[in-house]
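Residue-level structural notes
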Amino acid sequence: MAKYINPYTDFGFKKLFGEEANKDLLIDFLNTLLPKKHQIKTLSFKNPELLGAAECDRRAVFDVYCKAKNGEQFIVEMQKGEQAYFKDRSVYYTTHPIRSQGQKGKWNFELKAVYFIGILDFVYDNHGASPILIREVSHKDQLGEEFYEKLQMIYIQMPVFDKKESELQTRQDKWLYFLKNLPSLEQIPAIMKEKVFQKAFHTAEVISMTEQDRLYYEQNLLDYWTYLATIETAENKGIEIGIEKGIVQGRAEGEAQKAIDIARAMKKDGVDTKGIAKFTGLSPEEIKRLE
């Protein structure tokens, strides 16, 4: 087993960023993504499972859900696989911390900022030639001017991050390198000697876990590998089906062209339309259109 936990597993991600003892790690990481006006000094974890206003409403379960001292709220999600309606899900999730700010009685509707931070193990904007590592989304009008700045979404497309250890410059670079390469590292990189990273690596050590946590992590890791294998199998199967369809289609097109060539030759030899149709399977109309 690797020396450090895999942060793409549910256990690994919550071990690093979802425990009370590691709030400083989460704060340091988030502050590399947030603007100066929304930098976090202290935060408290909130219940990651939110229910709707009515019993029949759908619940939302977050990986990490926290609140800063000034009331701003943050949803942090580690998303392993692409989903058809991932953007919709992001928007739906943000409605819960927005609605939770509603107050009974006299209230002027002032809201605190809500951030959704998605750490994605896939590229969701792959329609472009050069996907952007970090996509920052806010509400803007048709002039491109910000309409509402208290609802922000930050998507980190981890496959796009390809910096090597020697290329790391900013604290954000170091955190992204840490998240992407942690399972394959055997020691703390020389460039990451800051206290916060020393703690992060120590927290991530498998050997320092309790036996119960290690057993839970091993099962979690197995689930993660199974998930990846399932996705890979589905992709390969799709390729195989595509190849088979291509072969069938190519074969059908070849047979059709062969019938046309034969029909042209028979027509040139003076065979009547009925005879050509019977021999080639082409319709009289198709035969008449042949030169």
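Cut-offs used in this document
- Residues numbered from 1 in each chain as written.
- Predicted model: local features only at pLDDT ≥ 70, side-chain atom pairs only at ≥ 80, totals over all residues.
- Heavy atoms only, no water.
- Core = buried A, V, L, I, M, F, W, Y, C linked by side-chain atoms within 4.5 Å.
- Buried < 20%, exposed > 50% of the residue type's maximum accessible area, 1.4 Å probe, protein only.
- Contact = heavy atoms within 4.5 Å.
- Helix = DSSP H or I, 4+ residues; strand = E, 2+ residues; numbered from the N terminus.
- Axes fitted to C-alpha atoms, helices over the stretch in contact; angles between N-to-C directions.
- Parallel < 35°, antiparallel > 145°, perpendicular 65-115°, else oblique.
- Left-handed = near helix turned anticlockwise from the far one by under 90°.
- Nonpolar A, V, L, I, M, F, W, Y, C, P; charged D, E, K, R; others polar.
- Phe/Tyr/Trp six-rings, centres within 6.5 Å; stacked < 30°, edge-to-face > 60°.
- pLDDT = per-residue confidence, 0-100.
- Pairing = 2+ DSSP bridges.

Comments concerning the nonpolar core
Among the nonpolar cores identified, the biggest contains 50 residues, and Phe 17, Phe 29, Ile 117, Ile 119, Ile 156, Trp 175 and Phe 178 are the most heavily contacted of them. With sequence-adjacent residues up to four places away left out, Phe 29 is seen in contact with Phe 17, Ile 119, Ile 156, Trp 175, Leu 176 and Leu 179. The next biggest cluster of nonpolar side chains, apart from the first, holds 11 residues, and it includes Tyr 65, Phe 86, Tyr 124 and Met 153.

A few points about unusual backbone geometry
Look at Phe 109: it is not a glycine, yet its phi comes out positive at around 70 degrees. Here Phe 109 lies in the loop between helix 3 (86-99) and strand 6 (114-120).

A short note on the packing of helix 2 (residues 23-31) against helix 4 (residues 171-181)
Packed helices, taken two at a time, are described by their axes: the angle between them and the distance between them. Contact geometry for helix 2 and helix 4: axes closest at 9 Å, N-to-C directions at 120 degrees. Of the possible angle classes, the one that applies to helix 2 and helix 4 is oblique. Every pair of crossing elements has a handedness; the one defined by helix 2 and helix 4 is left-handed. Only Arg 171, Trp 175, Leu 176 and Leu 179 of helix 4 make contact with helix 2, whose side of the interface consists of Leu 25, Asp 28 and Phe 29. By residue class, the composition of the contact of helix 2 with helix 4 is 5 nonpolar, no polar and 2 charged.

Topic: the side chain of Gln 73
Inspection of the secondary structure assignment puts Gln 73 in strand 5 (residues 73-79). Apart from the residues within four sequence positions on either side, Gln 73 is in contact with Lys 46, Tyr 65, Cys 66, Lys 67, Pro 97, Ser 100, Gln 101, Ala 113, Val 114 and Tyr 115.

Some remarks on the packing of aromatic side chains
Overall, the coordinates contain 17 aromatic pairs when judged by the stated rule. An angle of 55 degrees between the planes, with centres 5.7 Å apart, marks the rings of Phe 17 and Trp 175 as tilted. Taken together, the residues span a long stretch of sequence, with Phe 17 in helix 1 (residues 10-17) and Trp 175 in helix 4 at a distance of 158 residues. With respect to burial, Phe 17 and Trp 175 carry one shared label: buried. Centroid distance Phe 29 to Trp 175: 5.8 Å. Interplanar angle 65 degrees. Geometry classified as edge-to-face. Here Phe 29 is found in helix 2, whereas its partner Trp 175 is found in helix 4, with 146 residues between them in sequence. Owing to a relative accessible area of 0%, Phe 29 belongs among the buried residues under this scheme. Each residue in the set Tyr 4, Phe 13, Phe 17, Phe 29, Trp 175, Phe 178, Phe 197 and Phe 201 is aromatic and connected to the rest through ring pairs, giving one cluster.

Focus: the side chain of Asp 28
By the element assignment, Asp 28 lies in helix 2. In this view, Asp 28 contacts Arg 171, Trp 175 and Val 196; residues no more than four positions away in its chain are not counted.

A word on the confidence of the model for the protein chain
Predicted confidence across the protein chain gives a mean pLDDT of 83, with 82% of residues reaching 70 or more. Here strand 2 (residues 49-50) stands out as the element of the protein chain with the lowest mean pLDDT, 61, in contrast to helix 4, whose mean of 96 is the highest. Of the regions scoring below 50 in pLDDT, residues 51-59 engages in 10 contacts with residues more than four places distant in sequence or in other chains.

Side note on the sheet that holds strand 1 (residues 43-45)
Reading across from one edge, 1-4-5-6-8-7 is the order of the 6 strands in this open sheet, with mixed pairing throughout. Both edges of this open sheet fall to strand 1 and strand 7 (134-140), since each of them pairs with a single strand only. Looking at each pair of strands side by side, their axes are set apart by 20 degrees on average, direction ignored. Sheet topology places strand 7 next to strand 8 (residues 146-157); 6 bridges connect them, and they run antiparallel. Across the sheet, His 139 pairs through a bridge with Tyr 148, a residue of strand 8. Its contacts with the sheet place helix 2 against strand 1, strand 4 (64-68), strand 5, strand 6 and strand 8, and it is angled at close to 120 degrees to strand 1.

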